[in-house]
Amino acid sequence: MKTLALFRHAKSDWSDARARDFDRPLNARGQRGAVAMGEHVRDTGRMFERVIASPAVRVAETIEYASTAWGRSFPVEWDRRIYLASSATLIDLLRELAGDPASVLMIGHNPGLEDLIFDLVPDDGTSPLRDVVEAKFPTATYAVMELAIDRWDDIANGCARLVELTRPRDLDPTLGPQAAQ
């Protein structure tokens, strides 16, 4: 059994129309969302043997705010392939993991993270959390899957069970879409 957690970067700032997508920082709501999610992960007591992340500015800032709230820093393996990656690319990255860690936290972007959930968790009506992801996988959302595999190179479609899904609005209603309007 392997554990894969996915953490989508927090809400980014779109105020500078000239900024490259890769270089967009978090906005104030994103900073608050990253802190809330960092506190949540801390409170669950879940730990990860490996953390891999996109090097985009909004991901790096999400990690900074979340890890400060979590109360611990951790080594991050930056992989540019995660930036705007497809689910197939993310699966390839997981298959390549050296050392075969039991638990991995991947921090990145949509649509890749959302599509990864769709590929790994069967669409057979047994996962109400998968249905929530189908509606929307918002920024700063954190999901945990348990994979029925012994090694990462065994990862395949339908091998996972989604056991946790937490959105910022679940922790603080002011971080939901209605509060932003």
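All residue numbers refer to position in the chain's written sequence, counted from 1. Local features are withheld for residues below a pLDDT of 70 in this predicted model, meaning they are given only at 70 or higher, and side-chain atom pairs are given and counted only at 80 or more; totals for whole chains, interfaces and linings count all residues. Side-chain numbers here rest on the full set of heavy atoms in the structure, without hydrogens or water.

Peer 1: Can you walk me through the overall build of the protein in this structure?
Peer 2: From N to C terminus, the protein includes 7 helices and 6 strands. Element order for the protein, N to C, with α for helix and β for strand: β-α-β-α-β-α-β-α-α-β-β-α-α. The globule rule used here is 2.2 Å times the number of residues to the 0.38 power, and the radius of gyration it is set against is calculated over C-alpha atoms. Taking 181 residues into account, the globule formula puts the C-alpha radius of gyration at 16 Å, and the protein, at 15 Å, falls close to it. With the C-alpha coordinates of the protein rotated into their principal frame, the extents come out at 45 × 35 × 30 Å. Only protein chains enter the accessibility calculation, which uses a 1.4 Å probe; a residue is then buried when its area is under 20% of its type maximum, exposed when over 50%, and partly exposed in between. The 181 residues of the protein split such that 49% are buried. Computed by Shrake-Rupley with a 1.4 Å probe, the accessible areas treat only the displayed protein chains as cover when residues are assessed. Of the roughly 8,500 Å² of accessible surface on the protein, 49% is carried by carbon and sulfur atoms. Here the protein contributes 22 positively and 28 negatively charged side chains, and the mean placements of these two sets differ by 4 Å. Numbering of helices and strands runs from the N terminus; a helix is a DSSP stretch of H or I covering at least four residues, while a strand is a stretch of E covering at least two. In this count, Lys and Arg are taken as positive residues and Asp and Glu as negative ones, while His and the chain termini are left out. For the purpose of locating charges, the reference atoms are NZ of Lys, CZ of Arg, CG of Asp and CD of Glu.

Peer 1: What exactly am I supposed to notice about empty space enclosed by the protein here?
Peer 2: Left-over empty space is what a probe sized like a water molecule reveals as it rolls over the atoms. A 1.4 Å probe that fits but cannot get out identifies a cavity on a 1 Å grid over protein atoms alone, an open set with protein on both sides within 12 Å along at least five of seven lines counts as a pocket, and a residue lines either if it has an atom within 4 Å of a point. Grid points are joined across faces, edges and corners, and a volume is the space filled by probe spheres set on the points. Taken as a whole and assessed by the stated rule, the structure comprises 1 cavity of 30 Å³ or more. Looking at the largest cavity, its volume works out to about 60 Å³. As for the largest cavity, its lining consists of F7, V41, T62, I63, A66, S67, W70, F74, L105, I107 and Y142. Broken down by secondary-structure element, the contributors of at least two residues to the lining of the largest cavity are α2 (57-70) and β4 (103-108). Ranked by the residues each element gives to the lining of the largest cavity, the list is headed by α2, at 5 residues.

Peer 1: Mind showing me how you'd approach the pattern of salt bridges here?
Peer 2: Where side chains of opposite charge bring their charged atoms close, a pairing between them can arise. Whenever a carboxyl oxygen of Asp or Glu lies within 4 Å of a side-chain nitrogen of Lys or Arg, that contact is scored as a salt bridge. Counting across every chain of the model gives 15 salt bridges. The partner of E96 in a salt bridge is R81, and the shortest N-O contact between them spans 3.0 Å. Here R81 lies in the loop between β3 (77-78) and α3 (87-95) and E96 lies in the loop between α3 and β4, a separation of 15 residues in the sequence. Among the residues examined, E96 registers a relative accessible area of 49% and is labelled partly exposed. We note a salt bridge from E146 to R161, for which the minimum N-O separation is 2.6 Å. Of this pair, E146 sits in strand β5 (residues 142-147) while R161 sits in strand β6 (residues 160-166), and the two are 15 residues apart along the sequence. It is possible to trace a salt-bridge network through shared partners that takes in D21, R24 and R58.

Peer 1: It is not clear to me how the layout of surface pockets should be interpreted in this structure. Could you clarify?
Peer 2: Space inside the largest pocket adds up to approximately 230 Å³. For the largest pocket, the lining is made up of 15 residues, of which K11, R29, P138, T139 and L175 are closest to its centre. Only α1 (28-44) and α6 (168-171) provide two or more residues apiece to the lining of the largest pocket. The element best represented in the lining of the largest pocket is α1, accounting for 3 residues.

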